[in-house]
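Residue strings, one per chain:
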Amino acid sequence: MQSIGGAGIVGGMSTDTLQRSPFHTYHEANQAKLVDFAGWSMPISYGSALAEHEHTRRAVSLFDVSHMGRVEVKGRDARRFLESLLTRRITDMAEYSCRYAMICNDRGGIIDDIIVYRYPEHWMMVVNASNRSAVLQHMGEVADRLAYKVKVNDLTKKTAMVAIQGPQAMEAIAPASSEIGALKRYRFCIKNLLLYKITISRTGYTGEDGVEVILPAALAQRAVDMVRSEAEKRGLDIRPAGLAARDSLRIEAGMPLYGHEIDSDTDPFTAGLGFAVTLGEPPAGVQDIPRFVGQDALEALVARGPEQQTIGLRMEGRRTPRQGDPIIRGGQVIGRVTSGCLVPTQPGPIAIARVPAGIDAGTELSVGLGKGRTIIPAVTSQLPFERLSVS
């Protein structure tokens, strides 16, 4: 065990070599184009990213997300520790439920956005691959400063994670267990597979229905083969998809990506994520809930009102806006594109942008594209771009 601050960190991250997902052999067998993503060899696509995007919206796709960090939290002070760490209250979470939240610094900037799982005897967080080291360090610092008795175990290398996403996703996975088919959004169950325990949650990062499965690394290849085989027997068109399609899907669904819509200088309210922040004091009769790191700064921000907001943009043509492209109004640069893409399920390019607060959907603006700063018209849009039927 390596001790960091007051938290015990089990495991760790080596930067000496590129890490391989437990599904690496699967990717090679399916002719994936592999790239270095946050120190991991991960599939960017298996052919056409646009085709993978469209297929996910129409049928069901398998995404390897094993690069995401999986961090277990246990110990006497685990609940109070997470209340101090996360922007969203977790004391009221039911067992076998999960919740989206953020980890902030003292200024209210976002260190990471996470999903927290409540098990009967412990908690677990899924964190972004690029932020895993920073999150573990911050957790140790918070535990040390507040003298919490808590153990933090980094399970990332011991486990694998796969997302099964699309309108046919539940049909593909549900026959494995009636409990899986009955899962509500942001609930999970634990099932036994070949003497191993796996966690199946009705969550995802595509805007589509589906599940994310956390399982022992040793079981990864066999589990995916079983899922594909059973789905294909029932006539379902299940295919692998890579990180490029996952990115365009999350943009279309209006979901943030760290380093684009959120970072350590961006607060949750400016990013449009205020729903995942619990401010104020606990309700009457609810005790032993500490204030979280950054709460003072966020309460002050809400009192004065954010100066900027995150909004969607729609454009015509085929040229794709990129992060950093300027947003123009009346000849003046008023904001920047944070993410942009061209997808087969929209009539033209779409983007997520940071603009001044008070600009409504339907406002006509312009975007400067590329080094030549070709100016094209754009219209602001509410997020998400596509409202999907997720039960």
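Residues numbered from 1 in each chain as written. Predicted model: local features only at pLDDT ≥ 70, side-chain atom pairs only at ≥ 80, totals over all residues. Heavy atoms only, no water.

Engineer: What is the right way to look at the sheet that holds strand 3 (residues 19–20) in this model?
Structural biologist: The strands making up a sheet associate through hydrogen bonds between their backbones, and the pairing can be parallel or antiparallel. With mixed pairing, the three strands of this open sheet are ordered in space as 3-5-4. At either margin of the open sheet sits one strand with a lone partner, and together these are strand 3 and strand 4 (33–37). Alignment of strand 3 against strand 5 (residues 40–45), held across two bridges, turns out to be parallel. In the strand pairing of strand 5, Arg20 is matched with Ser41. (Pairing = 2+ DSSP bridges. Helix = DSSP H or I, 4+ residues; strand = E, 2+ residues; numbered from the N terminus.)

Engineer: Explain the packing of helix 2 (residues 49–58) against helix 8 (residues 243–252) to me, please; I cannot follow it from the model alone.
Structural biologist: How two helices sit against one another is set out by the angle between their axes and by the gap between those axes. Closest axis-to-axis distance for the helix 2/helix 8 pair is 8 Å, and the angle between their directions is 55°. The angle between helix 2 and helix 8 falls in the class oblique. Along this stretch, helix 2 crosses helix 8, giving a crossing that reads as right-handed. Listed contacts from helix 8 to Ala49, Glu52, His53, Thr56 and Arg57 of helix 2 are Ala244, Ala245, Ser248, Leu249 and Glu252. (Axes fitted to C-alpha atoms, helices over the stretch in contact; angles between N-to-C directions. Parallel < 35°, antiparallel > 145°, perpendicular 65-115°, else oblique. Left-handed = near helix turned anticlockwise from the far one by under 90°. Contact = heavy atoms within 4.5 Å.)

Engineer: Got a minute to help me understand the pattern of salt bridges in this structure?
Structural biologist: In a structure, side chains of opposite charge can pair up when their charged atoms sit close to one another. Tallied over the full model, the rule gives 20 salt bridges. Note that Arg76 and Asp77 form a salt bridge whose closest N and O atoms lie 3.6 Å from each other. Residue classification places Asp77 among the buried residues on the basis of a relative accessible area of 10%. Here Arg80 makes a salt bridge to Asp288, at a shortest N to O gap of 2.7 Å. (Salt bridge = Lys/Arg side-chain N within 4 Å of Asp/Glu carboxyl O. Buried < 20%, exposed > 50% of the residue type's maximum accessible area, 1.4 Å probe, protein only.)

Engineer: I keep staring at helix 4 (residues 132–145) and nothing clicks. Help me out?
Structural biologist: Turn by turn, an α-helix covers 3.6 residues, leaving residues three or four places apart pointing in a common direction. For helix 4, spanning 14 residues, the distance from its first C-alpha to its last is 20 Å, which sits close to the expected 20 Å at 1.5 Å a residue. Turning to helix 4, its buried residues are Arg132, Val135, Leu136, His138, Met139, Gly140, Val142 and Ala143. The first or second residue beyond helix 4 is Ala147, which carries a positive phi of 55°. (Expected span 1.5 Å × (residues − 1).)

Engineer: Just to check I follow, could you spell out the packing of aromatic side chains for this structure?
Structural biologist: Centre distance and the angle of the planes are the two values used to describe a pair of aromatic rings. Applying the stated criterion across every chain, the model contains six aromatic pairs. Ring-pair connections join several aromatic residues into one group, and the members of that group are Tyr96, Tyr117, Tyr119 and Phe188. (Phe/Tyr/Trp six-rings, centres within 6.5 Å; stacked < 30°, edge-to-face > 60°.)

Engineer: Sorry, what's going on with the sheet that holds strand 12 (residues 159–165) here?
Structural biologist: Overall, mixed pairing links the six strands, which are arranged 13-14-15-12-6-16 in an open sheet. Lying at the two open borders of the sheet, with one neighbouring strand each, are strand 13 (188–193) and strand 16 (238–241). Shown here is a sheet whose adjacent strand axes are inclined to one another by a mean of 25°, direction ignored. Taken together, the seven bridges between strand 12 and strand 15 (residues 210–216) define a ladder with antiparallel strand orientation. Bridge pairing links Met161 to Ile214 in strand 15.

Note that every value here comes from positions in space, so none of it alone points to a role or purpose.
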